[in-house]
Structure formats: C-alpha cells, structure tokens
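Spelled out from the first residue to the last, the chains are:
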Amino acid sequence: MNGKIPAITILALGAVLAWGIINMDKPGQDEHSLHQEVKPSDQRGKHGGWLFTEEDFQVEVKIFEDGIPPQFRVYVTKAEGKPISFDEVGINIVLKRLDRVDTIGFKPSADYLLGDMVVAEPHSFEMTVNAEWKGQKFKWQLSQLEGRAEFSPEAIQNAGLVLKKAGPGKLVTKIRLPGEVGLNEEKVVHIVPRVDGVVKKVFKDLGDQVSRGEIIAILESRELAEAKIDYLTSIKQSDMARADLDREIRVFESTQSMLDLLEQDLDQEEIYLKLKDLVIGKSRELLIPASAKLRLAKSIHIREKGLLEKGISSESEYLIALEDYKSAEARYIALREKISYDGEWSLREKKKTLEIDQLNLQTSNQKLLALGLTPEEVDLLPEQPEQHFTQYELRASLNGTVIQKHLTTGEAVKKDDDIFLLADLSEVWVNFAIPEKELRKVRLGQKVLFKEGPRALQAQLSYLSSIIDEKTRTVTGRVVIPNKNGNFRPGGYVTVELVLGERKVPVVVEPGAIQSFRDWSVVFVKYGSQLEARPLELGENDGNRVEVVQGLKAGEQYVSVNSYAVKAEIEKSGATHSH
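Residues numbered from 1 in each chain as written. Predicted model: local features only at pLDDT ≥ 70, side-chain atom pairs only at ≥ 80, totals over all residues. Heavy atoms only, no water.

Teacher, can you tell me more about the overall build of the protein chain here?
Counting its secondary structure elements, the protein chain contains 8 helices and 32 strands. Taken against the 2.2 N^0.38 rule, which gives 25 Å for 579 residues, the C-alpha radius of gyration of the protein chain at 58 Å runs more than 25% over that of a compact globule. In terms of overall dimensions, the protein chain has C-alpha extents of about 225 × 70 × 50 Å along its principal axes. Across the 579 residues of the protein chain, 38% fall into the buried class. Pairs at least 24 apart in sequence give 69% of the contacts found in the protein chain among residues at least 6 apart. As displayed, the protein chain has an accessible area near 33400 Å², and 52% of this comes from carbon and sulfur atoms. Side-chain charges of the protein chain comprise 78 positive and 90 negative groups, with the mean position of each set lying 2 Å from the other. (Helix = DSSP H or I, 4+ residues; strand = E, 2+ residues; numbered from the N terminus. Rg over C-alpha atoms; globule rule 2.2 N^0.38 Å. Buried < 20%, exposed > 50% of the residue type's maximum accessible area, 1.4 Å probe, protein only. Contact = heavy atoms within 4.5 Å. Areas by Shrake-Rupley, 256 points an atom, 1.4 Å probe, with all protein chains shown as cover. Lys, Arg positive; Asp, Glu negative; His and termini not counted. Charge placed at Lys NZ, Arg CZ, Asp CG, Glu CD.)

In structure tokens form, the structure reads like this:
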C-alpha cells in the first residue's frame, strides 16, 4: 500500500457519516413525528393545498369550497408523487379555534381523503395534521389566521370599543309611520261670553297660562243685570210664599182644633178660653156664633118638647122650636164642611204658589249658573252692590294655554262669539295613517313607540278609525302622549313605530355591531386579547336588535360599538382568506 486512502473509501465513509448525521435525532420507527411551522402561502401542492413532506411521505391538505360547503381534501403520495394506498394511511386534523377545538376524521373519496365535517368559517385556526404510515407517526402544525386582530385592553379603550354579551332578547315587529301632532280635543275649550256685552277689561293674551276658575276678562252686560234682578225677585217671592204657607198651615191646624173642640160637650166659656190664643181667622167668626145658635135652638127644642109632654105648651110652639133647631143644625153642619174644605183648598193653593215660586227661583239660579257665575257668587248676590250687577267675569274652565284670542277692550261681543280658545297642552294627540294592508295585524292597545329628543317614549293605540280613506287607502290611528315639557307642538310632525308583534329569540345582537366582511355579515367576538370576525346567519331585524340564527352562542362577548375600527385593523393587518 502506498499510504493513500482510495477515493471510493472516502466516498463510502462520507455516505456513512451523512446517514448518521441525518438520523442522529430521529425517534424510533413507531413514534416518528415532525413539528413544522408553515405559512399559508408557502409549500403548495399541485392541487393548491398546503404541502407537508417528510422523507418519502407527502401530504397535501386543501380546503375545497368551490360551489359546496368547505371541506378538507387530503392527498397522500410518496415524495416522487406516486399515490399511496388509503388502506396504509391514517389521517386526522385538529383545528384549535378561539372558542373550541374541532377534530376532523377522513374517509376515502375518489383520489383523496375527504373530511367528515364542514370547515366552518372563518378559516382562522391553529391546525395540527396527524398522520400515520407504515407504523410511523407524523405531526405537522400550521397557523391559518384570517379576520382576526389582537387588541390589548388599552387598544380597546383607545378605539372606543364596547363589549357586550350575546344573549336572548325580544324582537319587535313594527312599522314606521309619519304622524302629526294635534291638540287633545278632549282638553280644548272654546270660551264664549254667553251674554251680550261690552269688553271692559282683558287679563290674558296669546300664549298665557291660565288656571281653572281664573278671571280672564270682564264684560259689561245689561242682560246679566236683568238675570240677577230676576233671581233676587224670585228669592223674595219665594220667601213670601213660604211665609204665607206657614201661616196657612197654622190657621188650618187651629181650625181643625176648633172643629174638634166644638164637637165636645164643653161649656161655651171653656171653648172660648181654649181657642183664645189660636190663629184661626174668619172661620172663628162664622163658626162660633153658628155653634152657639145651634146649642140655643137645641135647648129650646128640648124645653118645648118637655112642656108639650106635660100639656103646658101647644104642639105648634113645639114644631116651631123643632124647625128652628133643625135649621140651626143644618146651617152649622154646612158651615163646618165649608170651613174644612176651604181650609184644605187654601192650604193646597199656598203650597202650589210656593212650589211655583221655588221653581222660578231655581230657574233664575240655573240661568245665572249657565251664564258662568259660580254657586258661591250666586249665593252672595243679595249682598252685592247694584253697580256691580252689570259686571260679567269671564273665567277659564280648565288649566291650560291661551291659543286663540278674539277680543279687545271696548269691543261689543255677542253671547255666541268665540272669543278665547284654551287648550291643555300637557297631553297631545298624535294621529297617523295606517296602510290598509296592515290592518289585520292592528288592534287597540298595541304599543306605539316614538322619540322625544334622545328619549324613547311609549304609548298605546287608543283610537282606530272605522273608515278607510278612499284616496290614500289608510285608516287613522291615534295615541295620547304626555307633553309636560311642551316639546311636542301641535301641527308638528313625528315618526311613530307601531308595534305589530313581539317574540323572544335565543340570541340577539345590536345592529351597530354588524359589519360586512368579505361576503359575510359578521360581528367581532373577543377571546382573550383576540378579536375575530364571526360570520352570522341573521334572522329578523327590528331596528334595535338582530336575531342570530347561527354563528354565535349566548354568552359570547362581541364588539357592540365602534366595530368598524376592528374591521379596519384586520384589513390593515392583511389577515386574508388564503388556503
């Protein structure tokens, strides 16, 4: 040997060393694994998927979504591209998302292995590919991020983001309608004088506030003076009729006492004494003498009868005495009947007169009340100086505002002139036209929503017209709304929302949270410091809440305010859809 190492030996040694270096850190054949971080744009296979290769084993992973829901397709080949039998390979893919972990298994389909579940959007996840071939295990990892951005607490505050938890809510089906503010016609009063007169003084002007019972103007009215005089005259006539009736009652009662006494077997002097202090009137003058004559005629008759029986007196004298007795008795009885009847008749007449006078008094009183005087003012009329009889005080009949005025000092007005219009503006009406096609959903008592500046207010449908307008094919609806601050002016316009129905749904979000991202409607959910676009299937939107049919669970946090700032940050970061 010449001491030189042959070239072939050197090459052989180099091959052995290279093999040793390559296999220095490899695990056993049954626990072969490789952790590989691959960017989505790197190492693409012939089908456009992510390509993972180790030694003679090659896996291409693609999310296929051309006209179908996205699913994984996995192509397994040897390094030179020769297909490997699916019976020799085991594959699963684990997707770690912000809110969950999806484990996807595979089954053969054509020339690829097909995932057993849809790869839900967004395709933003940490992906781990686990494979087994010929007893060896392989593991590759890849970060696929899209629609996601990191926000620290300070960044959230600086961007003005507001987070809210998704959860159940009530969706309100409603229609927006233009409404017109009008006076509450149940609280509007037309003030008319009720008497002809001349305006002496006016105390209120347009826009002034008035209180119920407050004097707003004074008129001079001869008609009022005449009505007051009639009332006072009626009072006097009624008083006189009352006194007349009271005396007649006493006379009637005394006369009855006299008639009763005359029927008793009393001495004439005793009868006089008992009747002495009674008010009887002319009947005393007529009946007492008639009673005395009857007593005398009776005694003469009895005496003549006795004398006749003894033969002392003649029969003719007896008959004369009998005739005088019967005649006196007839006159006495007739007089009693007349006095009794006249007393009852006179009593009834006095009562009738009093009733008529009292009716006249009531009529005069009601006339004054109808002219606007209060009961207290009417009661004080007897004490009122005559020079005030012509003064007519015009008073407000409600608490409200003067919205019309048609009189000036010195002006002559008639009893039916509309001189003031007062309105209580603490409540107003809002009338709105409801389309005919919506009527089957409308009923009294339904909620009506509207705004007073920044405040949301609610009322109830209190009126629904029975007539459809021929031209507009609408029906007038109405609500009564409070207006204590005077923010609603009659004649102005508002927009109302008539609530046609309400229903509860499991998950709702605020409309302002929803952004358009790619071809999705999304909200941005928060997990840790990450905010990610979450595609949603949306249901009904009532303007205040949007129903989430799919894509978001109750309890998940989402950005409800300034969500556009998150969208802008994601678009700036370039977290695009690429797989």
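Now that the structure has been shown, the text picks up again.
Help me understand the sheet that holds strand β18 (residues 400–405) in this model?
Consider a sheet: its strands pair through backbone hydrogen bonds, and that pairing is either parallel or antiparallel. One open sheet holds the 4 strands; their spatial order is β13-β20-β18-β15, and the pairing between them is antiparallel. Sheet topology places β13 (188–191) and β15 (209–210) at the edges, where each strand pairs with a single neighbour. (Pairing = 2+ DSSP bridges.)

Looking at this structure, how should I read the nonpolar core?
Core analysis: the largest hydrophobic core is formed by 30 residues, its most contacted members being L368, Y392, L394, F420 and L422. Residue assignment for this core shows that the elements contributing at least two residues are β13, β16 (215–220), α3 (222–263), β17 (391–395) and β20 (420–423). Looking at which element gives the most residues to this core, the answer is α3, with 6 residues. Residues in contact with L394, not counting those within four places in the same chain, are I191, V192, P193, E214, I215, I216, A217, I419 and F420. (Core = buried A, V, L, I, M, F, W, Y, C linked by side-chain atoms within 4.5 Å.)

Which parts of the structure should I look at to understand the sheet that holds β16?
The strand order β17-β16-β14-β19 describes an open sheet built from 4 strands, whose pairing is antiparallel. Here the strands that pair on one side only, and so sit at the sheet edges, are β17 and β19 (412–413). Summarising the sheet, strand β14 (residues 197–202) and β16 pair through 4 bridges and their orientation is antiparallel. Among the inter-strand pairings, V198 is bridged to a residue of β16, identified as E220.

Just checking my understanding: could you explain unusual backbone geometry for this structure?
Keep in mind that most residues, glycine aside, have a negative phi and that most peptide bonds are trans. At the junction of E121 and P122, the peptide bond is cis and its omega measures out at 0° in the coordinates. Summarising the element assignment, P122 is placed in the loop between β7 (112–115) and β8 (125–133). Positive phi, close to 50°, is recorded for E55, a residue that is not glycine. Tracing the backbone shows E55 in the loop between β2 (50–54) and β3 (57–64). Assessed through its relative accessible area of 45%, E55 is described here as partly exposed. Positive phi, close to 50°, is recorded for R518, a residue that is not glycine.

Would you take a moment to explain the packing of helix α4 (residues 268–275) against helix α5 (residues 282–310) for this structure?
When two helices pack together, their arrangement is given by the angle between their axes and by how far apart the axes lie. The interhelical angle for the contact between α4 and α5, taken along N-to-C directions, is 165°, at an axis separation of 12 Å. Considered as vectors, α4 and α5 are oriented roughly antiparallel to each other. The element α4 and its partner α5 pack so that their crossing is right-handed. Contacts from Q268, I271, Y272 and L275 of α4 reach α5 at R284, I288, A292 and R295. Split into classes, the residues belonging to the contact of α4 with α5 amount to 5 nonpolar, 1 polar and 2 charged. (Axes fitted to C-alpha atoms, helices over the stretch in contact; angles between N-to-C directions. Parallel < 35°, antiparallel > 145°, perpendicular 65-115°, else oblique. Left-handed = near helix turned anticlockwise from the far one by under 90°. Nonpolar A, V, L, I, M, F, W, Y, C, P; charged D, E, K, R; others polar.)

When you look at the packing of α5 against helix α6 (residues 315–370) in this model, what are you seeing that I'm missing?
The contact between α5 and α6 brings their axes to 8 Å, and the two run at 155°. Our classification of the angle between α5 and α6 gives roughly antiparallel. Relative to α6, the crossing made by α5 is left-handed. Its residues placed into classes, the contact of α5 with α6 shows 15 nonpolar, 3 polar and 9 charged.

Even after reading the chapter, I still don't get the environment of W429, so can you show me in this structure?
Relative to the helices and strands, W429 resides in strand β21 (residues 427–435). Taking C-alpha positions, W429 is 5.8 Å from L183, a pair spaced 246 residues apart along the chain. Apart from the residues lying within four places of it in its own chain, the contact partners of W429 are E180, V181, G182, L183, N184, E185, E186, R478, V479 and V480. Of the polar contacts made by the side chain of W429, one reaches the side chain of N184; its length is 3.1 Å. (Polar contact = N/O pair within 3.5 Å; in protein donor to acceptor, adjacent residues only side chain to side chain.)

For this particular structure, what's the right way to read the side chain of E438?
As for its placement among the helices and strands, E438 is situated in the loop between β21 and β22 (447–452). Not counting residues within four places of it along the chain, the set of residues in contact with E438 comprises I175 and L500.

Mind showing me how you'd approach the confidence of the model for the protein chain here?
Atom-level detail of predicted coordinates should not be read off regions where pLDDT is low. Across the protein chain, pLDDT averages 87, with 92% of residues at or above 70. Looking over the protein chain, one finds the lowest element-wise mean pLDDT in helix α1 (residues 7–22), namely 37, and the highest in strand β24 (residues 463–464), namely 96. (pLDDT = per-residue confidence, 0-100.)

Explain helix α8 (residues 563–573) here, please?
Note that an α-helix has 3.6 residues per turn; residues three or four places apart therefore point the same way. Among the residues of α8, those classed as buried are S563, V566, K567 and I570. Seen along its axis, α8 keeps its buried residues to an arc of 100°; they face one direction. Summarising the geometry of α8, the exposed residues directed more than 90 degrees from the buried face are Y564 and K572. Where α8 is buried, its residues meet β10 (148–150), β27 (515–517), β28 (520–527), β29 (530–535) and β32 (557–561). (Arc of directions from axis to C-beta.)

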